[in-house]
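Descriptive analysis of the structure
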Amino acid sequence: MRIIEAANYEDLSRKAADLIAAQVILKPDCVLGLATGSTPEGTYKELVTRYEQGVLDFSQISSVNLDEYRGLSQDNDQSYRYFMNRHLFDHVNIDKARTHVPNGKEPDSDKACADYDAQILSMGGVDLQLLGIGGNGHIGFNEPCDEFVVGTHCVNLTQSTIEANARFFSSIDEVPKQAYTMGIGNIMAAKKILLLASGAGKSQAIFDTCFGPVTPHVPASVLQLHPDAVIIADTEALSLAKEKGVF
Ligand code: PGA
């Protein structure tokens, strides 16, 4: 696990875009694993700028997203498909037919999850997986629990995640209570992993992830076992690790 300190959110976004750009340049037909949430928004903005400058070409890229709310359709403005279109896909030359997000409208959760695992497999796996991290250490919607789940699965969101996501909805009652998410096995199978963390609210999660024991109670801690995981965290997100003298 390599930890890169960024001075602030803008610096973090630039550094993350640099690493994704390098991946796209090195392998123009690569599979990108993408993430939603507020953290990667700046990274996507940087990637769009580089596309507009003619530096990046997404025409051969495929993508798979980590997760989707169960029950939301693609055109619901809180769905993760909608988020991806708004922040990235609508602004670059990616072929949307090659972009994949779990099907939130599939009511049969076993089918939705099996279909998504099969989709990832048929694409040959993920070359670079981008991740955010929850304040509780979750990745995708893999919430703290007693054991790591391998494949795509349906999860009940924890109260803290529902509360954290309520800011995007008009009321907390509208936040979906379940989601389909890639499992820890899907994430760990990616060739490279890039996790982003910004702000003091993530400092406990970053400390536990990077310097604590590997445990499903801090899902991101499993990344300590990945051969090519990079964490880009800004100074605030690293504040607890610094205070404790481990970084
Ligand atoms: P955030 O969410 O980027 O909005 O903080 C990250 C996550 O919950 O994975």
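To keep things clear, this report deals only with the structure shown in the data block. Since the model is a prediction, treat every value here as computed from it, not as a measurement.

Further remarks concern the environment of Asp-57. Tracing the chain through its elements places Asp-57 in the loop between α2 (41–52) and β3 (62–65). C-alpha separation for the pair Asp-57 and Asn-93, spaced 36 residues apart in sequence, amounts to 6.9 Å. Discounting residues that sit within four places of it in the chain, Asp-57 has contacts with Val-24 and Asn-93. At a separation of 2.9 Å, a polar atom in the side chain of Asp-57 contacts the side chain of Ser-59. Among the polar contacts made by the side chain of Asp-57, one reaches the side chain of Asn-93 at a distance of 2.8 Å.

All right, on to helix α4 (residues 109–122) then. For the α-helix, the turn length of 3.6 residues means that residues three or four positions removed from each other point alike. Under the 1.5 Å per step criterion, the end-to-end length of α4 is 20 Å for 14 residues, consistent within 8% with the ideal 20 Å. Turning to α4, its buried residues are Ala-112, Cys-113, Tyr-116 and Ile-120. The buried residues of α4 occupy an angular sector of 90° when the element is viewed end-on, so they sit on one face. Among the exposed residues of α4, those oriented more than 90 degrees off its buried face are Asp-110, Leu-121 and Ser-122. Contacts made by the buried residues of α4 are with β3, β5 (99–100), β7 (153–156), β8 (178–181) and α6 (184–188). The residue sitting at the N-terminus of α4 and contributing the capping side-chain oxygen is Asp-108; that oxygen lies 3.1 Å from the backbone nitrogen of Asp-110.

Next up on the list: the site of the ligand. The full set of residues close to the ligand is Gly-37, Ser-38, Thr-39, Gly-132, Ile-133, Gly-134, His-138, Arg-167 and Lys-202. A distance of 2.6 Å separates an oxygen atom of the ligand from a polar side-chain atom of Lys-202. About the coverage of the ligand: the protein hides 80% of its 280 Å² of free accessible area. Mapping the ligand onto the cavity grids shows that it belongs to the largest pocket. For the shell around the ligand, a count of residues per class yields one nonpolar, six polar and two charged.

Let's shift gears to the sheet that holds strand β4 (residues 67–69). Pairing between the strands of a sheet is mediated by backbone hydrogen bonds and can be parallel or antiparallel. Across the sheet, which stays open at both edges, the three strands sit in the order β4-β8-β7 with antiparallel pairing between neighbours. Each edge of the open sheet is held by one strand with a lone partner, namely β4 and β7. With direction set aside, neighbouring strand axes in the sheet form an average angle of 25°. Note that β7 and β8 share four bridges and pair antiparallel. By the bridge assignment, Val-155 is partnered in β8 with Ala-179.

Thresholds applied
Residues numbered from 1 in each chain as written. Predicted model: local features only at pLDDT ≥ 70, side-chain atom pairs only at ≥ 80, totals over all residues. Heavy atoms only, no water. Helix = DSSP H or I, 4+ residues; strand = E, 2+ residues; numbered from the N terminus. Contact = heavy atoms within 4.5 Å. Polar contact = N/O pair within 3.5 Å; in protein donor to acceptor, adjacent residues only side chain to side chain. Expected span 1.5 Å × (residues − 1). Buried < 20%, exposed > 50% of the residue type's maximum accessible area, 1.4 Å probe, protein only. Arc of directions from axis to C-beta. Near = heavy atom within 4 Å. Areas by Shrake-Rupley, 256 points an atom, 1.4 Å probe, with all protein chains shown as cover. 1 Å grid on protein atoms, 1.4 Å probe; cavity = no way out; pocket = protein on both sides within 12 Å on 5 of 7 lines; lining within 4 Å. Sits in = over half its atoms within 2 Å of the grid points. Nonpolar A, V, L, I, M, F, W, Y, C, P; charged D, E, K, R; others polar. Pairing = 2+ DSSP bridges. Axes fitted to C-alpha atoms, helices over the stretch in contact; angles between N-to-C directions.

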